[in-house]
Amino acid sequence: MSHYLAKAIKVARGSPRPQKHATLILRGGALCAWGTNSERQHAEVAAVRMLFPISQTPGTLVAVNIRIRKDGSLGIAAPCEECKIFLRGVGIHTVRYSTNEGGFAIMRL
């Protein structure tokens, strides 16, 4: 996962919102989609919209959420309740997300 951290930070910094959130979706360990938060949708939704309707290929889907604070440090990026339901509905059962302590935690959906 650490080799995707630079990509996640770059994607998050590209968010048009003051709160810089990004979601990467990995399938079988390979990056296959990403998205940022906007006025209209959360980063998880943007990433899933990029993922589908790409043909389904075998592999476990994992979401990686990251938040970049104004000072450049990592902040908590756990998915909200609606996004948890949404992610579970498309077959994503594991989310790795940045924490306020600067690390990552794992959430099972």
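Values in this document were obtained by computation on a predicted structure and should not be read as measured data.

1. Quick look at the overall build of the protein
Thought 1: Helix and strand counts for the protein stand at 3 helices and 6 strands.
Thought 2: Of the regular secondary structure in the protein, the N- to C-terminal order runs α-β-β-α-β-β-α-β-β.
Thought 3: In terms of overall dimensions, the protein has C-alpha extents of about 40 × 30 × 25 Å along its principal axes.
Thought 4: Computed over 15 positive and 6 negative side-chain charges, the inter-centroid distance for the protein is 7 Å.

2. With respect to the pattern of salt bridges
Thought 1: Summed over all chains, the structure comprises 2 salt bridges.
Thought 2: Glu39 is the partner of Arg17 in a salt bridge, and the nearest nitrogen-oxygen pair spans 3.6 Å. Taken together, the positions of Arg17 in the loop between α1 (2-13) and β1 (20-27) and Glu39 in the loop between β2 (30-36) and α2 (43-51) put the pair 22 residues apart, joining distant regions of the chain.
Thought 3: By relative accessible area, which is 71% here, Glu39 ends up exposed.
Thought 4: Here Glu81 ties to Lys84 by a salt bridge, and the two come within 2.8 Å at their closest N and O atoms. Here Glu81 and its partner Lys84 are both found in helix α3 (residues 81-89), 3 residues apart, which amounts to about one turn of the helix.
Thought 5: Glu81 sits in the exposed class, given a relative accessible area of 53%.
Thought 6: The buried category is assigned to Lys84, whose relative accessible area is 18%.

3. Quick notes on the packing of α2 against α3
Thought 1: Where α2 meets α3, the closest approach of the two axes is 9 Å, and the angle between their N-to-C directions is 20°. When the interaxial angle is binned, α2 and α3 end up roughly parallel. Like other packed secondary-structure pairs, α2 and α3 cross with a definite hand, here left-handed. In this structure, α2 uses Glu44, Val45 and Val48 to contact α3, whose residues at the interface are Cys83, Phe86 and Leu87.
Thought 2: Classifying every residue of the contact of α2 with α3 by side-chain character gives 5 nonpolar, no polar and 1 charged.

4. Side note on the packing of aromatic side chains
Thought 1: Applying the stated criterion across every chain, the model contains 0 aromatic pairs.
Thought 2: Geometry around Trp34 places Lys7 over its ring, the cationic atom sitting 4.2 Å from the centre.

5. Focus on the environment of Pro79
Thought 1: As for its position among the elements, Pro79 is in the loop between β4 (74-75) and α3.
Thought 2: In sequence terms Pro79 and Arg96 are 17 residues apart; their C-alpha atoms lie 9.6 Å from each other.
Thought 3: Sequence-distant contacts of Pro79, that is, excluding residues within four places in its chain, are made with Glu44, Asn65, Lys84, Val95 and Met107.

6. Observations concerning the pairing of β2
Thought 1: Sheet topology note: the β1/β2 ladder contains 6 bridges and is antiparallel. Directly across from Leu24, in β2, lies its bridge partner Trp34.
Thought 2: The turn joining β1 and β2, which pair antiparallel and follow one another in sequence, is formed by 2 residues; a positive phi near 60° is taken by Gly28.

Thresholds applied
Residues numbered from 1 in each chain as written. Predicted model: local features only at pLDDT ≥ 70, side-chain atom pairs only at ≥ 80, totals over all residues. Heavy atoms only, no water. Helix = DSSP H or I, 4+ residues; strand = E, 2+ residues; numbered from the N terminus. Lys, Arg positive; Asp, Glu negative; His and termini not counted. Charge placed at Lys NZ, Arg CZ, Asp CG, Glu CD. Salt bridge = Lys/Arg side-chain N within 4 Å of Asp/Glu carboxyl O. Buried < 20%, exposed > 50% of the residue type's maximum accessible area, 1.4 Å probe, protein only. Axes fitted to C-alpha atoms, helices over the stretch in contact; angles between N-to-C directions. Parallel < 35°, antiparallel > 145°, perpendicular 65-115°, else oblique. Left-handed = near helix turned anticlockwise from the far one by under 90°. Contact = heavy atoms within 4.5 Å. Nonpolar A, V, L, I, M, F, W, Y, C, P; charged D, E, K, R; others polar. Phe/Tyr/Trp six-rings, centres within 6.5 Å; stacked < 30°, edge-to-face > 60°. Lys NZ or Arg CZ within 6 Å of the ring centre and 35° of its normal. Pairing = 2+ DSSP bridges.

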